[in-house]
Amino acid sequence: MKFFVDTGDLDEIAKLNETGMLDGVTTNPSLIKKSGKEFIPLIKDICGIVRGPVSAEVAATDYETMIKEGRKLADIASNIAVKVPLTPAGLRVCKELSDDDVMVNVTLCFSANQALLAAKAGATFISPFIGRLDDIGLDGMELIGDIAQIYDNYGYDTQILAASIRHCAHVYMSAKVGADVATIPPKIIWQLFQHPLTDKGLDAFVADWAATGQSIL
Ligand code: E4P
C-alpha cells in the first residue's frame, strides 16, 4: 500500500520523507489555508522534496477556469496530480487532462457511483472520504470495499486513495478492503510506528545489552 501524507506543512513532509515510507502528498484548499503559505511556491517546494505524486487542487468550480488552473498546476512539475472535485465540470477536466497524460486525483467522492464516473473519466486516483462518511453515520470502509470490487470487475486502473483518515485503524482497514493508497495526516503516520510493547521490549534489550559490557563497533 502506498502512503501519502495529507498536509501542507513542509517541515512535516521533509521529516516523513526521511523515513522512506512516503510515496506522495495530498493538499487541499483548507490545508493550504492552514499552512499560511503561498500556494504555488509551496507546491513547488513540496515537489522538490517528494518524488511521488503531489496533489494540488484547482480552486474554481466552472470548467473553463478549472481547465486553465489544472494546466497551470500540471506545469509546476512532472509529479503533480491535479485535484478536481467530483462534479460534471470536474470530471470533464479530468478526462481532458488524463487524455494528455496528466495525473488527476478526483476528490470529494462519497458514493460508488461517483467512483465509477471518475474511473470512466480516466482518473489516476479516486479519493473516497472515509472519515466524513463515518461522521454522518455511514460506513466509509464499506464504500472503499465496494469501489475495489467494481474497479476489479471492469479492470479499471484508477487507484483508490482512501482519504479523510481519522485514526490508525482506518489505515489497515483500508488496506484490508483493497485501497491502493491511503492519504494520512502526519500525526497518524507517526502513530503507525508505535506500540507500547515495542517500547517496553526495546528498553529491556538496551538495558540487558549495556549489562553485558560489550560493543558491536
Ligand atoms: C484528501 O485528499 C483530503 O485532503 C483529506 O483527506 C480530507 O480530510 P478531512 O475530512 O480530514 O478534511
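Shown above is the structure to which this text applies.
Bear in mind that the values here come from a model prediction, so they are computed numbers and not experimental data.

**Regarding the layout of surface pockets**
Its boundaries defined by the atoms lining it, the largest pocket holds a volume of some 480 Å³. Together, 26 residues line the largest pocket, and D6, N28, L31, K34 and P185 are the ones closest to its centre. Listing elements by their share of the lining of the largest pocket, those giving two or more residues are α1 (10-18) and α2 (29-35). No other element matches α2, which puts four residues into the lining of the largest pocket. A class-by-class count of the residues in the lining of the largest pocket yields eight nonpolar, 10 polar and eight charged. Taken as a whole, the second largest pocket holds about 160 Å³ of empty space. Around the second largest pocket, the lining residues are T27, N28, P29, I32, F39, I40, E57, V58, A59, E69, K72 and L73. Broken down by secondary-structure element, the contributors of at least two residues to the lining of the second largest pocket are α2, α3 (39-49) and α4 (63-74). Among the elements that make up the lining of the second largest pocket, the one with the highest residue count is α4 (three residues). For the lining of the second largest pocket, the residue count by class is seven nonpolar, two polar and three charged.

**Focus on the site of the ligand**
Close to the ligand lie D6, T26, N28, K83, F129, R132, A163, S164 and R166, which account for all nearby residues. A distance of 2.7 Å separates an oxygen atom of the ligand from a polar atom in the side chain of N28. In isolation the ligand offers 340 Å² of accessible surface; the protein chains occlude 85% of this area. Per-class residue counts for the shell around the ligand are two nonpolar, three polar and four charged.

The rules behind each value
Residues numbered from 1 in each chain as written. Predicted model: local features only at pLDDT ≥ 70, side-chain atom pairs only at ≥ 80, totals over all residues. Heavy atoms only, no water. 1 Å grid on protein atoms, 1.4 Å probe; cavity = no way out; pocket = protein on both sides within 12 Å on 5 of 7 lines; lining within 4 Å. Points joined across faces, edges and corners; volume = space filled by probe spheres on them. Helix = DSSP H or I, 4+ residues; strand = E, 2+ residues; numbered from the N terminus. Nonpolar A, V, L, I, M, F, W, Y, C, P; charged D, E, K, R; others polar. Near = heavy atom within 4 Å. Polar contact = N/O pair within 3.5 Å; in protein donor to acceptor, adjacent residues only side chain to side chain. Areas by Shrake-Rupley, 256 points an atom, 1.4 Å probe, with all protein chains shown as cover.

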